[in-house]
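Analysis of the macromolecular model
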Amino acid sequence: MGSNQIETDHVDVLIVGGGPVGLITAYQLASTLPRQQHPRIRIIEQHSKSSQDKYGRAITLYPRTSEMLDQLGLADDLAQRCFACCSTVAYDPHGNEVHGRGWSFMENMKDSAWDFALVLRQKYQEEIFRSALKRQGVILEAPVALVDLTVDEGVQQGGYSVTATLENGITGAQSIVKCRYLVGADGGRSFVRRALDILFEGSSTEDKWVRIDGIVETNLPKPRTYCAIESPTHGNVLWAALDHGATRIGFAFTPERQKAYPIFDEEAAVAEAIASVKPFSLSFKEVHWYTIYSVSQRIARHFFIKDCVFLAGDACHTHSSGAAQGMNTGIHDAVNLCWKLSLVLQGIAKPDILTTYEAERRPNVQKLIDYDRDIARLMTMQLPVGWTGDPHADPNEILGQVMAEAASFTSGLEISYAPDDMLNIVIGSPSAAVVSPGQRGPDVELQKPGTFETTRLQKETPNKACFYAVVFTGDPTYTSAIVSTVFPALQSSFLVPDLASPLDLDLVDNNNEEESDRKISTILSWRTIIASSDTPIRIPSAFEFLGGIQPMGRAFFDRGHKAHTRYGIDIKQGAIVVLRPDGWVGTVLGLIERAGEELQTYLGRILV
């Protein structure tokens, strides 16, 4: 077919890869960009989903990942179908229960409503994500492969600098897509990464692991848990209760065990799984999926290149499944990237904000890989490289210590981003809060006015590619004077609609506003949190409780000052916490007369 016959399309973003990371990337962009831009997002997958939708692959979402998906409106559907794993257990080689080893850290994942492992096989997660994406008007195109990729560096950033050649896997027909940005979420063998010669640095090991899923019968005392079995022949064996009554078993497949199998097939996988869980018995009623793979740890030299191409998920980092981090890390990538890209595409944020994607995500991925090197070796009964402790130490005991040390990072609840000069900033004289820029904004329980029914801060601050200025008023007994001064000034300066979110642009008349005011009204939404006593009474209205002052945006009560305490905010002073769209803290401001100026300074670093 001649080049003049090939169909050409122009889109804002082409997403390559239809797994969870690609789907969530497409969903966030579709749900935050104006509806008329939806046809300008395309997502392709080289494999037919009917053939690729097997049971296996990733299974576990940790609390912070669930929180982020909750703020995207996706977690409830996942929870409907998942196995919510709250219990763990570990057994020594003799079948005796031992404490403080294996996955025991999972029982201490607190400070979140999602304080459990959300276990749902990738097959089902992808179904939920595809359905949500379809409701946004975007359909996954499969089987469609990316077969050629070029970037014209002479095109100004934001122009159609990327030329992608696509090939239909059924008809063989090719088409050309020119796009402003391309996201490679196409797995560990990423075509995008290879086409742009991005180094994939790290190493592979000779270690091989097996994973097998199915419906089983066993005399294991606690089968519906996340379990570790310390096998002398198969390493630290994973036993994970799955959705729909299934179970996953994972183990090290040592060279000695491999010698018995010239061909590794389902029968071999079952036989080795039975051997791995001894002294417990095991039989399979159904086998859903199995795999054997080599362990490696690699990270891409760049996550963002040529001002227009991003890598996310396995395309830019691979590691073992030892700590069940693969999908979690990829979703963190997607959530970090998409609100930034959405704001740039809308002409609201400076393109420089896109550089913070790699600056924030790569150090955290490197930290994960450093942990994973040790965890992967320990799970195969080897001490870490460079180990300086007792050379005869029990790897199972050391594994428990390493996983406990990494617990807050693994759960995602303490993943943080370094201070910078754009997003995570200390401005002026901030309140002495516990939280600081770059840290996760804790979820806290609040009460709605009138009904006083319970809600959560994260439920009231969904990820819609906007920032939230959360005003902690403190106790009005002490703060009424400053509130009466600050609130009217803020309401005037920021054009705060009466109880309406600034994202509801049809409720806000922007025709007579200056362009900068329009952008602020689009990017910023307000919440007011009022400290109240622990007395179980219904307060007539937030307006009256504040002494006749209209709250900033939607108002909530903080019974017993628990939210103020968790954020470390003095009820006699109050503070303004600016939450980024992804739920991390951008800055913390004192509830003072110049708060509006300081907030303008913060947003001024981001807005075009």
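See the structure above.
Just so you know, these numbers come straight off a predicted model, no measurement behind them.

1. Quick look at the pattern of salt bridges
- Taken as a whole, this structure holds 32 salt bridges when the rule is applied.
- Here Arg-130 and Glu-126 are joined by a salt bridge, their closest N and O atoms 3.6 Å apart. Of the two residues, Arg-130 and Glu-126 are both situated in helix 5 (residues 122–135); the distance of four residues between them amounts to about one turn of the helix.
- Salt-bridge contacts for Arg-248 lead to Asp-213; the nearest nitrogen and oxygen are separated by 2.7 Å. Here Asp-213 lies in strand 11 (residues 200–218) and Arg-248 lies in strand 14 (residues 247–252), a separation of 35 residues in the sequence.
- Taken together, the salt bridges that share partners define one network made up of Arg-64, Glu-67, Asp-111, Arg-440 and Arg-566.

2. Re the packing of helix 3 (residues 63–71) against helix 9 (residues 326–345)
- One can describe the packing of helix 3 onto helix 9 by two numbers: an axis separation of 10 Å at closest approach and a directional angle of 40°. Here helix 3 is positioned oblique relative to helix 9, judged by the angle of their axes. Crossing of helix 3 against helix 9: the hand is left-handed. Counting all contacts with helix 3, which are made through Arg-64, Thr-65, Met-68 and Leu-69, the residues of helix 9 involved are Asn-328, Ile-331, His-332 and Val-335.
- Taken together, the residues that form the contact of helix 3 with helix 9 break down as four nonpolar, three polar and one charged.

3. Some points on the packing of aromatic side chains
- Using the criterion set out here, one finds 22 aromatic pairs in the structure.
- With 6.4 Å between their ring centres and 45° between their planes, Tyr-62 and Phe-105 make a pair best called tilted. Separated by 43 residues along the polypeptide, Tyr-62 in the loop between strand 3 (60–61) and helix 3 and Phe-105 in the loop between strand 6 (97–98) and strand 7 (117–119) bring together distant segments of the chain.
- Here the aromatic rings of Trp-114 and Phe-116 are separated by 6.0 Å at their centres, their planes lie at 45°, and the arrangement is tilted. For the pair Trp-114 and Phe-116, one class covers both residues: buried.
- Connected via pairs of aromatic rings, a cluster forms that spans Tyr-181, Phe-303, Phe-304, Phe-310 and Tyr-357.
- The ring of Trp-584 has Arg-64 sitting right over it, with the charged end atom 4.2 Å from the ring centre.
- If you follow Arg-193 out to its NZ or CZ, it ends over the ring of Phe-200, 3.7 Å from the centre.

4. What to know about the pairing of strand 24 (residues 575–579)
- Of all five residues that make up strand 24, five are buried, and the element is covered over most of its length.
- With burial as the criterion, each face of strand 24 is covered, one bearing Ala-575, Val-577 and Leu-579 and the other bearing Ile-576 and Val-578.
- Where strand 21 (residues 467–474) and strand 24 come together, five bridges link them in antiparallel fashion. In the sheet register, Tyr-468 faces strand 24, and the bridge partner there is Leu-579.
- The pairing of strand 24 with strand 25 (residues 585–590) spans five bridges and is classified as antiparallel. Bridging from a neighbouring strand, Ile-576 pairs with Leu-589 of strand 25.
- Between the antiparallel neighbours strand 24 and strand 25 lie five residues, among them Gly-583 with a positive phi of about 95°.

So, how was this worked out
Residues numbered from 1 in each chain as written. Predicted model: local features only at pLDDT ≥ 70, side-chain atom pairs only at ≥ 80, totals over all residues. Heavy atoms only, no water. Salt bridge = Lys/Arg side-chain N within 4 Å of Asp/Glu carboxyl O. Helix = DSSP H or I, 4+ residues; strand = E, 2+ residues; numbered from the N terminus. Axes fitted to C-alpha atoms, helices over the stretch in contact; angles between N-to-C directions. Parallel < 35°, antiparallel > 145°, perpendicular 65-115°, else oblique. Left-handed = near helix turned anticlockwise from the far one by under 90°. Contact = heavy atoms within 4.5 Å. Nonpolar A, V, L, I, M, F, W, Y, C, P; charged D, E, K, R; others polar. Phe/Tyr/Trp six-rings, centres within 6.5 Å; stacked < 30°, edge-to-face > 60°. Buried < 20%, exposed > 50% of the residue type's maximum accessible area, 1.4 Å probe, protein only. Lys NZ or Arg CZ within 6 Å of the ring centre and 35° of its normal. Pairing = 2+ DSSP bridges.

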